[in-house]
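Given next are the chains, with one letter for each unit.
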Amino acid sequence: MKSLVILISGRGSNMQALLEAGLPVEHIAVISNNPDASGLEIARRYGAETSIVDHRAFPDRQAFDRALAEKIDTHQPKLIALAGFMRILSDRFVQHYQGRLMNIHPSLLPAFPGLDTHARALQEGIKIHGCTVHFVTLQLDHGPIVIQAAIPVLPEDTEKTLAARVLQQEHRIYPQAVRWFMEDRIRLDANQVEIVDSCVNEIALYSPGLPE
């Protein structure tokens, strides 16, 4: 059985995009470290199994990560997708799921890792911005890149308008990356990702291209 686990801390708009995508999976579970995350109710409406592992109930990060991993492993997931999961994961956790732990980041990595990506992009005066789906590794926001989407930075852009346009692309490329993984079309070799039978979409700039 192909199982997907999604980790959230808040509303989880990328989680919702994944739930709406009709992915080739038999089971989806959503786990939150925040009991008050509004995304839990959204997930239930889409028929996903939900659970909570409250990080505040544990004495340290390692204890929380062990409990989280135990909960994840009950679902025997093929892939774990981070969707606004606001916790720094321990090295042991990341190594446990090496090659099947995915994240989406609101910049064209390796540019602007970390937080406040849109404000930093505007401050630097860049002309092209975007988002990246990547595998999680021990180095923050520097794992092998699966897919990226690029948009122009407009002269009138604010942090809010730029973030909104990037988010639209996040909702397109994250489901695509997860679909490729579930269809066994991703080949991961060290820090390089090859997508089998990807194609070019001319509506926007995607690398690799999205299906028509």
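Nothing here was measured: the structure is a model prediction, and the numbers come from that model.

Draft legend 1. Geometry of the pairing of strand β8 (residues 186-189). Bridge analysis of β8 against strand β9 (residues 192-195) gives 4 bridges, and the strand direction is antiparallel. Looking at β9, one finds that Asp-189 is bridged to Gln-192. Connecting the antiparallel pair β8 and β9 is a turn made up of 2 residues, with Ala-190 showing a positive phi of about 60 degrees.

Draft legend 2. Structural context of the nonpolar core. In this structure, Leu-4, Ile-6, Met-15, Met-102, Val-133, Val-146 and Val-178 are the most contacted members of the largest nonpolar core, which totals 40 residues. Of all the elements, helix α6 (residues 159-182) adds the most residues to this core, at 9 residues. Membership of the second largest hydrophobic core comes to 19 residues, among which are Val-5, Ala-29, Leu-68 and Tyr-97.

Draft legend 3. Representation of the packing of helix α5 (residues 117-124) against α6 within the structure. Relative orientation of the contacting elements α5 and α6 amounts to 115 degrees, with a least axis distance of 9 Å. The crossing of α5 and α6 is right-handed. Contact residues: α5 offers His-118, Ala-119 and Leu-122, while α6 offers Glu-159, Leu-162, Ala-163 and Val-166. In terms of residue class, the contact of α5 with α6 is built from 5 nonpolar, 1 polar and 1 charged.

Draft legend 4. Summary view of the confidence of the model for the chain. In this model, the chain carries a mean pLDDT of 93, and residues with pLDDT of at least 70 account for 94%. Note on residues 200-204: pLDDT under 50 across the span, and 10 contacts to partners over four residues away in sequence or across chains.

Draft legend 5. Local environment of the pattern of salt bridges. Inspection of the entire model under this criterion finds 6 salt bridges. One salt bridge in this structure joins Glu-41 and Arg-44, with 3.4 Å as the shortest N-O distance. Here Glu-41 pairs with Arg-44, and both are found in helix α2 (residues 39-45), just 3 residues apart, close to one helical turn. A residue is classified by how much of its surface remains accessible, and Arg-44, at 42% relative accessible area, is partly exposed. The partner of Glu-194 in a salt bridge is Arg-187, and the shortest N-O contact between them spans 3.8 Å. Note on Glu-194: relative accessible area 42%, which makes it partly exposed.

Draft legend 6. Broad picture of α6. Its 24 residues give α6 an end-to-end C-alpha distance of 34 Å, which sits within 8% of 34 Å, the value for a rise of 1.5 Å per residue. Asp-184, located one to two residues past α6, shows a positive phi value of around 60 degrees.

Draft legend 7. Geometry of the side chain of Asp-65. Along the chain, the position of Asp-65 falls in helix α3 (residues 61-73). At 5.7 Å, Arg-61 is the nearest oppositely charged side chain to Asp-65, a buried residue that forms no salt bridge. Setting aside chain neighbours within four positions, we find Asp-65 in contact with Leu-89, Ser-90 and Phe-93.

Draft legend 8. Structural detail: the packing of aromatic side chains. With the rule as written, the count across this model stands at 3 aromatic pairs. Positioned above the aromatic ring of Phe-64 is the side chain of Arg-87, whose terminal nitrogen or guanidinium carbon lies 5.5 Å from the ring centre.

Basis of the calculations
- Residues numbered from 1 in each chain as written.
- Predicted model: local features only at pLDDT ≥ 70, side-chain atom pairs only at ≥ 80, totals over all residues.
- Heavy atoms only, no water.
- Pairing = 2+ DSSP bridges.
- Helix = DSSP H or I, 4+ residues; strand = E, 2+ residues; numbered from the N terminus.
- Core = buried A, V, L, I, M, F, W, Y, C linked by side-chain atoms within 4.5 Å.
- Buried < 20%, exposed > 50% of the residue type's maximum accessible area, 1.4 Å probe, protein only.
- Axes fitted to C-alpha atoms, helices over the stretch in contact; angles between N-to-C directions.
- Left-handed = near helix turned anticlockwise from the far one by under 90°.
- Contact = heavy atoms within 4.5 Å.
- Nonpolar A, V, L, I, M, F, W, Y, C, P; charged D, E, K, R; others polar.
- pLDDT = per-residue confidence, 0-100.
- Salt bridge = Lys/Arg side-chain N within 4 Å of Asp/Glu carboxyl O.
- Expected span 1.5 Å × (residues − 1).
- Lys, Arg positive; Asp, Glu negative; His and termini not counted.
- Phe/Tyr/Trp six-rings, centres within 6.5 Å; stacked < 30°, edge-to-face > 60°.
- Lys NZ or Arg CZ within 6 Å of the ring centre and 35° of its normal.

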